[in-house]
Amino acid sequence: MSRVHDVVVVGAGPAGSATALYAARAGLDVALIDKRAFPRDKICGDAIARKSLSHLRDLGLLDRLKLTTHEAIGRAVLSSPGGHEIAVDLSSSGDPAPHAVCRRELFDHVLFEAARGETTTLEGAAVTDILRSNGSVAGVVCRAGGREKEFRARVVVGADGFDSVVARRLGFYRHDSSRWFVATRGYYRGLDVAPRTVEVHFVRDTLPGFLWIFPTGDGVANVGLGLVHRDLKRRRVRLRDVHEAVLHSPRFRDRFARAERIGDVHGWNLPTPDPRRTLSGDGFLLVGDAAGLVDPFSGEGIGNALDSARVAADVITEAVREREPARVLAQYPPRLWAAVDAREILLHYRLRMVARRERAIDFLVGRAVAHADVLQWVRTMTSEHGALARKQDLLSPLTYARLLLRRR
């Protein structure tokens, strides 16, 4: 008989490596498999928000991240399609820079290196099939170095991204172009970017998405934009062409004329939450992008991915010690939605509809420029306390009526 692990995790990005770490530290026998060799690049905006940093702190990895090249973030510049611009202080009590920007090649490697020290790992191994036993998922088949290898496990975790092989092989892959974002990313040197500051620019060609400029801490900025996939298909344009058109528009062309692009511009898919998606079953769970957890408004996915890792590890730890593991694994979806806050996800889908309205964004940002108390109200939407209630205000017609009645 071949070895049977408690858990096999397919995909060693943040969700996979964190799942492996949390599970291993709970005493489970874990195998972690990835089709790439680390360190490796991952197309992303590279933003590491407060929630993600809290998981690194829980895992004892925050100091390791601080040793890598990164930019601590405590301020955001936000602009509207009409050119109104505000600066928002993101600092929190006792922490002047609660967020960070770090290239995924470095961030993911911090997590993977920690997992490599505590689990069985295999790099350069592409999963090709799922093993089953008595109707339950029982492991995976992968190919590495021209040879096939089986990894048997009590639970298989699909952490292999938006095009998850695990989800496809199980028949649970979903792509909803009305929900998903598509995005670009390019690296630029020589941009005039304020220290510890990220920029988010709403522009007509990307609504409800936006253009971002995030400094990575080495004199380089991650620049990209996101759009709803269905919008891109309806317009019949190439994502790369939209990226170039925005940077060459009158609003940004002078700034980018002085910048040097490093490498090419790349695009990727950002799967947003879908309550119809199957996230668990007899012998398996999906986490991170494989579970479709990218925020439907901000496009940020690492925080929810790490939340899913923690919930998955807790559920699996309980399941492998139960006589009826399938019953425990069935608890994963409701526990996951509680952890990532399904109320906020639903709200962010609704805010995405508001963000389609160019005049609404211009009006809100313009009022924040003119009134300090409105700017402070906007700031509370980025804080941990009171943010949900303030965001809900954006859906009320009374909010806009009150702002309209304010003197200029």
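Quick summary incoming for the structure in this document. (Residues numbered from 1 in each chain as written. Predicted model: local features only at pLDDT ≥ 70, side-chain atom pairs only at ≥ 80, totals over all residues. Heavy atoms only, no water.)

## Looking at unusual backbone geometry
Moving on, step 1. Between phenylalanine 38 and the following residue, proline 39, the backbone shows a cis peptide bond with an omega angle of -5°.
Moving on, step 2. Leucine 207 connects to proline 208 through a cis peptide bond whose omega is 5°.
Moving on, step 3. Along the polypeptide, proline 208 turns up in the loop between strand E13 (197-201) and strand E14 (211-215).
Moving on, step 4. For asparagine 134, which is not glycine, the phi dihedral falls at a positive 55°.
Moving on, step 5. Within the fold, asparagine 134 resides in the loop between strand E9 (126-133) and strand E10 (136-144).
Moving on, step 6. For asparagine 134, a relative accessible area of 81% corresponds to the exposed category.
Moving on, step 7. Here arginine 236, not a glycine, exhibits a phi torsion of approximately 55°, which is positive. (Helix = DSSP H or I, 4+ residues; strand = E, 2+ residues; numbered from the N terminus. Buried < 20%, exposed > 50% of the residue type's maximum accessible area, 1.4 Å probe, protein only.)

## Notes on the side chain of arginine 185
Moving on, step 1. Of note, arginine 185 is situated in strand E12 (residues 181-189).
Moving on, step 2. Polar side-chain contacts of arginine 185 include one of 3.2 Å to the side chain of aspartate 41.
Moving on, step 3. Engagement of the side chain of arginine 185 in a polar contact is seen with the backbone oxygen of lysine 42, the distance being 3.5 Å.
Moving on, step 4. Setting aside chain neighbours within four positions, we find arginine 185 in contact with Asp41, Lys42, Ile43, Cys44, Asn222, Val223, Gly224, Asp264, Val265, His266 and Trp268. (Polar contact = N/O pair within 3.5 Å; in protein donor to acceptor, adjacent residues only side chain to side chain. Contact = heavy atoms within 4.5 Å.)

## Re the environment of alanine 47
Moving on, step 1. Within the secondary structure layout, alanine 47 lies in strand E3 (residues 47-48).
Moving on, step 2. Its relative accessible area of 27% is what places alanine 47 among the partly exposed residues.
Moving on, step 3. Sequence separation between alanine 47 and glycine 288 is 241 residues, and the spatial gap between their C-alpha atoms is 16 Å.
Moving on, step 4. Apart from the residues within four sequence positions on either side, alanine 47 is in contact with Ala100, Phe214, Glu300 and Ile302.

What is shown is where atoms sit, not what they do.
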